[in-house]
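What the coordinates show
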Amino acid sequence: MERTSALEKMYNRIEQELEGQITFYSEDIRNLFPKMKNATIYWYLCKLVEKGYINRIRKGVYTINEWKGKSKVVLFAAAQDVALLLDEAGFNYYISGADILLKYMQHVPEQYPLILFAEKAAREEVERVLGGAGFQVIEPVKLKEQYETSFLSGDEKTQVVLYVTENFEFCEDNIATTEKAFVDLYFAVTRNGYPLALQELARIYRNLVRLGNIDRKRMIKAAEKRSIQYDIRFIAESKFITEQALMFVDILRREE
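My aim in this report is to walk through the structure given alongside it, one point at a time. (Residues numbered from 1 in each chain as written. Predicted model: local features only at pLDDT ≥ 70, side-chain atom pairs only at ≥ 80, totals over all residues. Heavy atoms only, no water.)

We now examine the overall build of the protein. Along the protein, the regular secondary structure elements total 12 helices and 9 strands. Dimensions along the principal axes, computed over C-alpha positions, put the protein at roughly 65 × 55 × 30 Å. Going through the 256 residues of the protein one by one, you find that 43% of them count as buried. A separation threshold of at least 6 residues defines the contact pool for the protein, and within that pool the share at least 24 residues apart is 64%. A total of about 15000 Å² of accessible surface is found on the protein, and carbon and sulfur atoms cover 50% of it. (Helix = DSSP H or I, 4+ residues; strand = E, 2+ residues; numbered from the N terminus. Buried < 20%, exposed > 50% of the residue type's maximum accessible area, 1.4 Å probe, protein only. Contact = heavy atoms within 4.5 Å. Areas by Shrake-Rupley, 256 points an atom, 1.4 Å probe, with all protein chains shown as cover.)

Set out below in structure tokens:
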């Protein structure tokens, strides 16, 4: 307990002194704690990463974890309304996808479906509560069709794509982690026809990587729960893959 308390104090000092910095370095921490031994600083940094207070981008370079720092997700109005309704009804749920990643987008869509996960047993009740509040609840397999129909008819109801789950591992305070949000958005775009261009999805990922706000290993682990780990591992490791390997795989796929 004493070490945990000391860890929190150290994090609070780092957050306070380095506020506004996208990234910081081991040297910054040594300057904040000049009397602390290098080995002790290293131990604390490892623990801060392990506990999720900070993210390690590369050797000696870190960033504040958005779940612990001041950049925690602020939901847009429609998502806030959905969260309030589900909180009042006592449902176990989390919001994922575009709402979590909007700040990483270059072109923010005027209207987009909200991605929601809820317990399988509560599906009908969730649909009833949201439908009664004026939301259009959509089954994932019908997303493309229903989105296009609503768009062409000028229906302005906020659409909620409802996925059911028994796993709430990758969320905090009813909000998906960045890694889970990207995996869920990728799944929705590539499997369910979610109305977002692949180019914009790629920009989101590049921005996440550039800012050090995504953990590739955690992303792959989240992808395993959705059975798309091969896709996500390919994306996460793409910069290490040679052109020859890509050409080789293309040949294999064309000959299957």
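From this point, things continue past the structure.
If you walk through the whole model with that rule in mind, you get 17 salt bridges. Two residues, Glu-148 and Lys-144, come together in a salt bridge whose shortest N-O distance is 2.8 Å. Taken as a pair, Glu-148 and Lys-144 lie in helix 7 (residues 143-153) at a separation of 4 residues, close to a single helical turn. You can call Glu-148 partly exposed: its relative accessible area is 39%. The partner of Arg-218 in a salt bridge is Asp-215, with the nearest N and O atoms 3.4 Å apart. Take Arg-218: its relative accessible area is 28%, and that puts it in the partly exposed class. Taking the relative accessible area as the measure of exposure, Asp-215 reaches 25% and is therefore partly exposed. Through salt bridges with shared partners, a single ionic network connects Arg-123, Glu-127, Glu-139 and Lys-142. (Salt bridge = Lys/Arg side-chain N within 4 Å of Asp/Glu carboxyl O.)

Moving on, we get to the pairing of strand 2 (residues 54-58). Bridging between strand 2 and strand 3 (residues 61-64) involves 4 bridges; their strand directions are antiparallel. Its bridge partner being in strand 3, Arg-56 is matched across the sheet by Tyr-62. (Pairing = 2+ DSSP bridges.)

Another aspect to go through is a nonpolar patch on the surface. A contiguous nonpolar patch, built from Phe-248, Val-249 and Leu-252 and spanning about 280 Å² of accessible area, is present on the exposed surface. Summarising the element assignment, Phe-248 is placed in helix 12 (residues 243-255). Owing to a relative accessible area of 52%, Phe-248 belongs among the exposed residues under this scheme. (Patch = residues over 30% accessible without salt bridge, like charges linked within 9 Å, V, L, I, M, F, W, Y side chains within 5 Å.)

Right, let's talk about unusual backbone geometry for a bit. The phi dihedral of Asp-173 falls on the positive side, at around 55 degrees, and the residue is not glycine. By the secondary structure assignment, Asp-173 is in the loop between strand 8 (171-172) and strand 9 (175-176). For Ser-227, which is not glycine, the phi dihedral falls at a positive 60 degrees. One can find Ser-227 in the loop between helix 10 (216-224) and helix 11 (229-236).

With that out of the way, let us pick up the nonpolar core. Core analysis: the largest hydrophobic core is formed by 60 residues, its most contacted members being Leu-116, Phe-182, Leu-185, Tyr-194 and Ile-232. The greatest single-element share of this core, amounting to 8 residues, is contributed by helix 8 (residues 178-192). Look past the residues within four positions of Phe-182 in its chain and what remains in contact with it is Leu-101, Leu-201, Ile-204, Tyr-205, Leu-208, Ile-214, Met-219 and Ile-232. Listed in part, the 17 residues of the second largest apolar core include Tyr-11, Leu-18, Leu-45 and Leu-48. (Core = buried A, V, L, I, M, F, W, Y, C linked by side-chain atoms within 4.5 Å.)

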